[in-house]
Amino acid sequence: EPQGEGERAVAVTWLVPTVPVKNLTGSSPVNPALAGITGILMSAAGLPVCLTRPPKLVLHPPPVSKSEIQSIPGISHSCRKTTKKQAKKGKTPEEVLKKYLQKVRHPPDEDCTICMERLSAPSGYKGPQPAVKPDLVGKLVKCSHVFHLHCLVAMYNNGNKDGSLQCPTCKTIYGVKTGTQPPGKMEYHIIPHALPGHADCKTIRIIYNIPPGVQGPEHPNPGKSFTARGFPRHCYLPDSEKGRKVLKLLLVAWDRRLIFAIGTSSTTGESDTVIWNEIHHKTEFGSNLTGHGYPDINYLDNVLAELAAQGITEESLAQDKD
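Being a predicted model, the structure only gives us computed values, none of them experimental. Along each chain, numbering runs from 1 in the same order as the chain's sequence is written. Residue-level local features of this predicted model are given only where pLDDT is at least 70; pairs of side-chain atoms are given and counted only at 80 or more, and the full residue set underlies all totals for whole chains, interfaces and linings. Values shown for side chains rest on all heavy atoms present in the structure; no hydrogens or waters enter the calculation.

1. Some remarks on the sheet that holds strand β9 (residues 184-191)
Which entries qualify depends on this criterion: Whether two strands pair depends on DSSP finding at least two bridges between them. Segments assigned H or I by DSSP are reported as helices when at least four residues long, segments assigned E as strands when at least two residues long, and all are numbered from the N terminus. Here an axis means a line fitted to C-alpha atoms, over the contact stretch when the element is a helix, while the angle between two N-to-C directions is reported on a 0 to 180 degree scale. The contact definition used throughout considers only heavy atoms, calling two residues in contact when any of these lie within 4.5 Å.
Pairing within the open sheet is antiparallel, and its four strands lie in the order β3-β9-β10-β13. Whereas interior strands pair on both sides, the edge strands pair on one side only; in this sheet they are β3 (79-82) and β13 (233-238). Here the average twist between neighbouring strands, direction ignored, is 20°. Note that β3 and β9 share four bridges and pair antiparallel. What sits directly across from K81, in β9, is K185. Where helix α4 (residues 241-255) meets the sheet, it contacts β3, β9, β10 (203-209) and β13, and its direction lies at approximately 170° from that of β9.

2. Observations concerning a nonpolar patch on the surface
Note the following rule: For patch detection, residues must exceed 30% relative accessible area and be free of salt bridges, and they are connected within 9 Å for like charges or within 5 Å for nonpolar side chains (Val, Leu, Ile, Met, Phe, Trp, Tyr). Computed with the Shrake-Rupley method and a 1.4 Å probe, the accessible areas treat only the protein chains shown as cover for residues. Just to be clear on terms, a salt bridge is a Lys or Arg side-chain nitrogen sitting within 4 Å of an Asp or Glu carboxyl oxygen. For every residue, the accessible area (1.4 Å probe, protein chains only) is compared with the maximum for its type, and the residue is labelled buried under 20%, exposed over 50%, or partly exposed between those bounds.
Together, L57, L59 and L289 make up a nonpolar patch on the protein surface, roughly 240 Å² of accessible area in all. Counting through the fold element by element, L289 comes out in the loop between β15 (273-276) and α5 (299-309). Looking at L289, the relative accessible area reads 43%, which means it is partly exposed.

3. Some points on the packing of aromatic side chains
Applicable threshold: Pairing of aromatic rings covers Phe, Tyr and the six-membered ring of Trp, with a centre-to-centre limit of 6.5 Å; geometry is then stacked below 30 degrees between planes, edge-to-face above 60, and tilted otherwise.
One pass over the full model with this rule turns up eight aromatic pairs. Between Y208 and F260, the aromatic rings sit 5.2 Å apart at their centres with planes inclined by 85°, giving edge-to-face as the arrangement. Note that Y208 is positioned in strand β10 and F260 in strand β14 (residues 260-263), a separation of 52 residues in sequence. In terms of burial, Y208 and F260 fall into one category: buried.

4. Looking at the pattern of salt bridges
Tallying each qualifying case throughout the model produces eleven salt bridges. The salt bridge partner of D111 is R118, with a shortest N-O separation of 3.0 Å.

5. Observations concerning the packing of α4 against α5
Quick note on the threshold: Just so you know how the angles are binned, under 35 degrees is roughly parallel, over 145 roughly antiparallel, 65 to 115 roughly perpendicular, and the rest oblique. Working rule for handedness: look at the near helix, and if it is turned counterclockwise from the far one by less than a right angle, call the crossing left-handed; if clockwise, right-handed. Residues are sorted three ways: Asp, Glu, Lys and Arg are charged, Ala, Val, Leu, Ile, Met, Phe, Trp, Tyr, Cys and Pro are nonpolar, and all the rest, Gly among them, are polar.
Packing of α4 against α5 leaves a shortest axis separation of 10 Å and a crossing angle of 25°. With respect to α5, the axis of α4 lies roughly parallel. Crossing of α4 over α5 shows left-handed handedness. On the side of α4, the interface is formed by K242, G243, K245, V246, L249, L250 and A253, while α5 contributes L300, D301, V303, L304 and L307. Across the contact of α4 with α5, the residue classes break down as eight nonpolar, one polar and three charged.

6. Remarks on the nonpolar core
For soluble globular proteins, nonpolar side chains are generally found buried alongside one another. This is how the line gets drawn: For the purposes of this section, nonpolar cores are sets of buried Ala, Val, Leu, Ile, Met, Phe, Trp, Tyr and Cys residues that join through side-chain atoms within 4.5 Å.
Within the largest apolar cluster, 39 residues are counted, with the highest numbers of intra-cluster contacts made by M186, I206, Y208, L237, L247 and L250. Of all elements in the fold, only β9, β10, β13, α4, β14 and α5 reach the threshold of two or more residues within this core. Here this core takes eight residues from α4, the largest share from any one element. Beyond its immediate sequence surroundings of up to four residues, I206 is in contact with M186, E187, Y188, R233, H234, C235, L237, L247 and L250.

7. Describing a positive patch on the surface
The cut-off we apply is this: Neither His nor the chain ends is counted toward charge; the positive residues are Lys and Arg and the negative residues Asp and Glu. For this purpose, a charge sits on NZ of Lys, CZ of Arg, CG of Asp or CD of Glu.
Together, K98, K103, R105 and K133 make up a region of like positive charge exposed at the surface. Within the secondary structure, K98 is located in helix α2 (residues 93-98). Under the relative-accessibility criterion, K98 is labelled exposed at 69%.

8. Concerning the sheet that holds strand β6 (residues 146-148)
Strand order in the open sheet made by the three strands is β4-β5-β6, with antiparallel pairing throughout. If you trace the sheet from one side to the other, it starts and ends with β4 (101-103) and β6, each paired once. For this sheet, the mean inter-axis angle between neighbouring strands, taken without regard to orientation, is 35°. As defined by bridge partners, strand β5 (residues 137-140) adjoins β6 across three bridges and the pair is classed as antiparallel. Along β6, the bridge assignment pairs G138 with F147. With respect to the sheet, helix α3 (residues 149-157) is in contact with β4, β5 and β6, its orientation differing from that of β6 by roughly 80°.

9. Quick notes on the confidence of the model for the chain
Under the convention used in this document: Every residue carries a pLDDT, the predictor's confidence in it, which falls somewhere between 0 and 100.
The predicted model of the chain averages 85 in pLDDT, with 81% of residues at 70 or higher. Throughout residues 1-19 the model reports pLDDT below 50, and contacts reaching past four residues in sequence, or to other chains, amount to eleven contacts.

Written out as structure tokens, the structure is:
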């Protein structure tokens, strides 16, 4: 309001909040030079500047001696190896699919989601022709999705041919799904350090080691060499009841060759290299700067869901006894 005649002006001091200027070492997305310039300008304007150190990346635990490493109760051994490709089931694609399908005499008026032709018309698949009539239609027994038999046989022939089938519409798995992980070794044990967010227990450490080699017939480029970057890879789980459950399911995934695959790296763009295969692991022990560390309260539930999407649940533990 306007001051009245004879009133003296009163000086008002505004409280200016302290503004932190981070990243002077360049570890976060802000350019360190920009942070420095911002600090200088704020200081010149009379604004207080609070310099903070960026959080530190902690990939590995403190050193652990061999005498401190413990085996995991309830899980035999401390190492798993995979060697050659699992033997194929000695059945034709038609015999495999017969277990999972019911024939449909009167196809619904909709498209086959494999070839995108109407189910009432013959299959539009143009590749190598399976020994199945192109106009036959079948329904998958668990999820009830309907396809040309011709298309399903062609899809099976283009996959791992391991006796399993995955519905292309809803991803329901029929049989036991296996992958194309190359030969390697998986070690696992307890170390006497706690993960952030899991101070009440020790830590399960998993060490994966896959050497470079030559691609087999199940891989993208058979006969061509493949690289294996960043091995051995160290991963961490809390040594809790749920953490041990996840480990047991990861052992099933390892035995079914589903942890890794050969493909193109999403981080480097390199092709014909060993990559993770849709089951996320925590590779950062004492921080979570990369998103692959702790604390992460949802991680164990998320990885259980990813394992289930590969057909690996508690029921699998009965099928693949340790």
